[in-house]
Amino acid sequence: MGCIQLITKDEAGDKYYEELGKQIFRFCTELFPKQGGIVLLMDIYYYFNKKRQLSLLSPDEVLKACE
């Protein structure tokens, strides 16, 4: 799985969740095939934060971005 560019609320402003959602989607296109096509949202939260390593997301931020 590729490198993740950090997106912060300060940089993205009003488009934070939209940009974060796009980033999570790109991450999931790599993650799904490796996990058999079905992944829990909590697994996405775990793997995405593991890859991100800095400025970790809360479960609520991941949920809002995925909506």
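See the structure printed just above.
Engineer: Explanation requested: the pattern of salt bridges in the structure shown.
Structural biologist: Close approach of charged atoms lets side chains of opposite charge pair. Per the counting criterion, the structure on display carries three salt bridges. Between glutamate 18 and lysine 22 there is a salt bridge; the shortest N-O distance is 3.7 Å. Placement of the pair is glutamate 18 and lysine 22 together in helix α2 (residues 16–34), with a separation of four residues, close to one helical turn. Residue lysine 22 is joined to glutamate 19 by a salt bridge in which the shortest nitrogen-to-oxygen separation is 3.8 Å. With a gap of three residues between them, lysine 22 and glutamate 19 both fall in helix α2, about one helical turn apart. Judged by relative accessible area, lysine 22 falls into the partly exposed class, the value being 39%. Its relative accessible area of 30% is what places glutamate 19 among the partly exposed residues. Taken together, the shared-partner salt bridges connect Lys15, Glu18, Glu19 and Lys22 into one network.

Engineer: Any chance you could explain the packing of aromatic side chains here in plain terms?
Structural biologist: Each aromatic ring pair is described using two quantities: the centre-to-centre distance and the angle formed by the ring planes. Enumeration according to the criterion identifies three aromatic pairs in this entry. Consider the rings of phenylalanine 27 and phenylalanine 48, whose centres lie 5.4 Å apart with planes at 75°: the pair is edge-to-face. Of this pair, phenylalanine 27 sits in helix α2 while phenylalanine 48 is found in helix α3 (residues 41–52), placing the two residues 21 residues apart along the sequence. The burial state of phenylalanine 27 is the same as that of phenylalanine 48; both residues are buried.

Engineer: Just to check I follow, could you spell out the nonpolar core for this structure?
Structural biologist: When a protein is soluble and globular, its nonpolar side chains tend to lie buried together. The biggest cluster of nonpolar side chains holds 13 residues, and the ones touching the most others in it are Tyr16, Leu20, Ile24, Leu31, Ile44, Phe48 and Leu57. Only α2, α3 and α4 (59–66) provide two or more residues apiece to this core. Sort the elements by how many residues they give to this core and α2 lands first, with six residues. Among residues more than four places away in sequence, those in contact with isoleucine 44 are Ile24, Phe27, Cys28, Leu31, Phe32 and Val39.

Engineer: Help me understand the side chain of glutamate 61, please; the structure alone is not making it clear to me.
Structural biologist: Secondary-structure assignment places glutamate 61 in helix α4. Owing to a relative accessible area of 12%, glutamate 61 belongs among the buried residues under this scheme. Excluding residues that lie within four positions of it along the chain, glutamate 61 makes contacts with Lys9, Tyr16, Tyr17, Leu20 and Leu56.

Each value, and the rule that gives it
Residues numbered from 1 in each chain as written. Predicted model: local features only at pLDDT ≥ 70, side-chain atom pairs only at ≥ 80, totals over all residues. Heavy atoms only, no water. Salt bridge = Lys/Arg side-chain N within 4 Å of Asp/Glu carboxyl O. Helix = DSSP H or I, 4+ residues; strand = E, 2+ residues; numbered from the N terminus. Buried < 20%, exposed > 50% of the residue type's maximum accessible area, 1.4 Å probe, protein only. Phe/Tyr/Trp six-rings, centres within 6.5 Å; stacked < 30°, edge-to-face > 60°. Core = buried A, V, L, I, M, F, W, Y, C linked by side-chain atoms within 4.5 Å. Contact = heavy atoms within 4.5 Å.

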